[in-house]
Amino acid sequence: MDERIIDVDGNEIIISVDGIDDFEIADISFEDAEELEGDLIITAKYLNVEFGEVYPAEIVIEDGLFKEVIPIITDDDNELDLDYDGILIPGFIDSHIHIESSKLSPSNFAKAVLPYGTTSVVADSHEIANVLGIDGINWMVEDGKYVPFDFYYAVPSCVPHSSFENSGAVITSSDVKELLKRDEMVALGEMNFPAVLSGDEEVLRKIEGAHKLGKPIDGHAPLLSGEDLKRYVSYGITTDHECTSFSEAIEKSRLGMTIMVREGSSAKDMDALLDYDDRLNYLIEEEMAGNAVIESIDDAMSIPPFEILVCDDIDAEDLSEGHLDRVIKKAISLKINPKEAIKMATFNPAEHYGLNCGAIEEGRIANFALVDDLRNLNVSKVWVHGELVVDDGKVLFETEIAESKPSIVLDEVKAEDFDAKMEMSWTNSLMDETTNVFAIKAYDSSILTEKCEETLLVQDGVIQPDLNKDVVKIAVVNRYGGNNIMNGFIKGFNLKKGAFGASVAHDSHNILVIGTNSEDMAKVVNIIREHQGGLAVYSSEEDLCEVLELPIAGLMSNRDIDYVADKNRKLMEAANKLGCNLTSPFTTLSFMALISIPHFKIINQGLFDVDNIEFVDLINNR
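To start, this report covers the structure provided alongside it. (Residues numbered from 1 in each chain as written. Predicted model: local features only at pLDDT ≥ 70, side-chain atom pairs only at ≥ 80, totals over all residues. Heavy atoms only, no water.)

**A word on the overall build of the chain**
So, step 1. For the chain, the helix and strand inventory stands at 18 helices and 30 strands.
So, step 2. Taking 622 residues into account, the globule formula puts the C-alpha radius of gyration at 25 Å, and the chain, at 28 Å, falls close to it.
So, step 3. Taken along the three principal axes of its C-alpha coordinates, the chain extends 120 × 55 × 45 Å.
So, step 4. The 622 residues of the chain split such that 56% are buried. (Helix = DSSP H or I, 4+ residues; strand = E, 2+ residues; numbered from the N terminus. Rg over C-alpha atoms; globule rule 2.2 N^0.38 Å. Buried < 20%, exposed > 50% of the residue type's maximum accessible area, 1.4 Å probe, protein only.)

**Points about helix α13 (residues 324-333)**
So, step 1. Looking only at α13, the buried set comprises Leu324, Asp325, Val327, Ile328, Ala331 and Ile332. Along the long axis of α13, the arc covered by the buried residues comes to 160°, so they all point the same way.
So, step 2. Buried residues along α13 sit in contact with β7 (92-97), β8 (118-124), α9 (270-273), β14 (308-310) and α14 (338-343).
So, step 3. Positive backbone phi, at 75°, marks Lys335, one or two positions downstream of α13. (Arc of directions from axis to C-beta. Contact = heavy atoms within 4.5 Å.)

**Topic: the pairing of strand β23 (residues 485-491)**
So, step 1. With six of its seven residues buried, β23 lies for the most part within the structure.
So, step 2. Summarising the sheet, strand β19 (residues 433-441) and β23 pair through two bridges and their orientation is parallel. Bridge pairing links Ile440 to Ile490 in β23.
So, step 3. Where strand β22 (residues 471-477) meets β23, seven bridges bridge the pair, whose relative direction is antiparallel. The residue of β23 that forms the bridge with Ala475 is Asn487. (Pairing = 2+ DSSP bridges.)

**Considerations on the nonpolar core**
So, step 1. Core analysis: the biggest nonpolar cluster contains 154 residues, and Tyr232 and Ile463 have the highest contact counts within it.
So, step 2. Of the residues forming this core, the biggest block, six residues, is contributed by helix α17 (residues 561-577).
So, step 3. Contact partners of Tyr232, with chain neighbours within four places excluded, come to Met191, Phe193, Val196, Leu197, Gly219, His220, Ala221, Leu224, Ile237 and Met257.
So, step 4. Leu410, Val525, Ile528 and Tyr538 belong to the second largest nonpolar core, which has 19 residues in total. (Core = buried A, V, L, I, M, F, W, Y, C linked by side-chain atoms within 4.5 Å.)

**Some points on the layout of surface pockets**
So, step 1. Computed from the structure, the largest pocket encloses a volume of approximately 510 Å³.
So, step 2. Around the largest pocket, the lining comprises 25 residues; the ones closest to its centre are His161, Ser162, Ser163, Ala195 and Asp200.
So, step 3. Among the secondary structure elements, those contributing two or more residues to the lining of the largest pocket are α5 (193-197) and α6 (201-212).
So, step 4. The residue inventory of the lining of the largest pocket, partitioned by class, reads 14 nonpolar, eight polar and three charged. (1 Å grid on protein atoms, 1.4 Å probe; cavity = no way out; pocket = protein on both sides within 12 Å on 5 of 7 lines; lining within 4 Å. Points joined across faces, edges and corners; volume = space filled by probe spheres on them. Nonpolar A, V, L, I, M, F, W, Y, C, P; charged D, E, K, R; others polar.)

**Focus: the sheet that holds strand β24 (residues 499-502)**
Strands in a sheet are paired, the pairing made by backbone hydrogen bonds, and the direction either parallel or antiparallel.
So, step 1. Across the sheet, which stays open at both edges, the nine strands sit in the order β21-β20-β19-β23-β22-β25-β24-β26-β27 with mixed pairing between neighbours. Every interior strand has two partners, whereas the edge strands, β21 (462-463) and β27 (544-549), have only one.
So, step 2. The sheet strands contacting helix α16 (residues 518-530) are β22, β24, β25 (511-515), β26 (534-539) and β27, and the helix crosses β26 at an angle near 150°.
So, step 3. The sheet contacts of α17 involve β26 and β27, and relative to β27 the element is tilted by about 150°. (Axes fitted to C-alpha atoms, helices over the stretch in contact; angles between N-to-C directions.)

**Description of the pattern of salt bridges**
So, step 1. The full count for this structure, using the stated rule, is 29 salt bridges.
So, step 2. Close ionic contact of Lys212 with Glu208 constitutes a salt bridge, the shortest N to O distance being 3.3 Å. Here Glu208 and Lys212 lie together in helix α6, a separation of four residues that amounts to about one turn.
So, step 3. A residue is classified by how much of its surface remains accessible, and Lys212, at 65% relative accessible area, is exposed.
So, step 4. Overall, the relative accessible area of 36% leaves Glu208 in the partly exposed class. (Salt bridge = Lys/Arg side-chain N within 4 Å of Asp/Glu carboxyl O.)

**Examining the sheet that holds strand β18 (residues 394-395)**
So, step 1. Pairing within the open sheet is mixed, and its eight strands lie in the order β5-β4-β3-β6-β15-β16-β17-β18. Here the strands that pair on one side only, and so sit at the sheet edges, are β5 (65-71) and β18.
So, step 2. Note: strand β4 (residues 53-62) against β5, six bridges, orientation antiparallel. Residue pairing across strands places Ala57 opposite Pro71, the latter belonging to β5.

**Focus on the pairing of β26**
So, step 1. When you tally the buried positions in β26, you get six out of six residues, the bulk of the element.
So, step 2. Neither face of β26 is left uncovered, since the one carrying Gly534, Ala536 and Tyr538 and the one carrying Leu535, Val537 and Ser539 both have all their residues buried.
So, step 3. Bridge analysis of β24 against β26 gives four bridges, and the strand direction is antiparallel. Residue Ala499 lies in a different strand from β26, and its bridge partner there is Tyr538.
So, step 4. Of the pairings in the sheet, the one linking β26 to β27 comprises six bridges and is antiparallel in character. Its bridge partner lying in β27, Gly534 is registered against Glu549.
So, step 5. Linking β26 back to β27 in an antiparallel pair, the connection comprises four residues, with Asp543 at a positive phi of about 50°.

From the geometry alone we can't say anything about function, so treat these as descriptive.
Here you go:
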């Protein structure tokens, strides 16, 4: 191949052709390039997220898809005539989220996260499914259709969550198979490992149905390790978002699981999973074992060891300050390359779930955002299916007030219903004594708990809390018509007065309340009952009452994020006034009944030892 440089109207053009000496310049025809056609044409710098490159391009959008992405080759950026300063990036995808945990309807959730660049979610609606069943799932899908946003769903796999407690619905393996046939259902939702490892036939039929339809299966395997983990993975379960240590995540990753690094309102695992020293030691070990060749430590450390960033559960107050943009920026602060961090919330989840988005690439859905740069990620504009939906940070559409979905069937409760009683002999009943009880130990910013033993005073046959030892009362109230109440004790909340509770209690969503006294606990539950769901703080001593009404299945408000976030702040202030100093007290409380998370929980049928899968008596009689 020979080359010759020619001059055409002052422009040097290189001609490469065989036998160029015999080639006549007159044979060359120069014509204007075809004019680009589409619904929207943007000239701007963009992030090719798959290959980690930023360069200018003409981007053509038609019928909601990227029709053409034509790179502009230049040695001088100053010569570019760009439509926007900044960089276009793919819209973010939160690929493991429970929308209900935000207390927002899907349409209001979309309106809340779009200004931060999120354009899609893969939502597991097992919260509302455990309350209302398939009707609840359908309600979520329909509400999401009112807004410009891509809602994908994972079909809830555990409804009811367990056979040990009361919930509002049942979704069978046959139901799951039918749901998985729907286009918006892109996966089978998180599988609790005890049911899988025990060989529960109904659970295995759900897994089989997902495999037959080619849908991925999400995992839920906190602290699972060794041979049990290998068995769990052998069923074709592909993700885990419950890792709380680097070693746990690496073990699962080595078995082929896609690791989701979670950073939500209560569960914050990124610091542990992206710990610099752990990553460095891992790289050194891999190189010494001959599994990696490291030419630059800095370059190697900038590549994340895991694939996806998610929120899982996030409340409205946190959402009012950011969504995945904040999670990505935190990953960057932990020395992850900005392009790689963005890839963890765009291209990688899209590839895993087979979504036709996640990249600015021909043929993909035109969901994208304009940011100032890749490190600060300040979002100014957002497009969904090629339509501008956020401009200068403001959402360009309104949402409607969603219909209520009543779900609470409960008689009015009394203070004595929250007394943990102990049978006493006639002699002992004449004096106070003590007893040893098993209590829950909760931790800030974690959904893991421990079982602890506490010695508490018994007065008139009622076991008393001990505020000096941070031991307060906790109760679960069956809200599905049974009226039964289970009482226990908990420490870690530092509550000094009053009570607070919620109709949000994963995953069966009975009413959960903690308090220093039975009277205030009863008041909280009756307030929630009156509003057909909600969060409430009450103290007769402080003359204090704050409520966030949740009329949609007792899980969600029909108001927008401004209202919900403001109410959340007032509830937080009220809880703080009563002594509770947790980062997110209602979110932490909501996991005290989740018996798929170690180690010790309370449900409406009793105290539950998660590790041994058995009920435990409140009083230790040993």
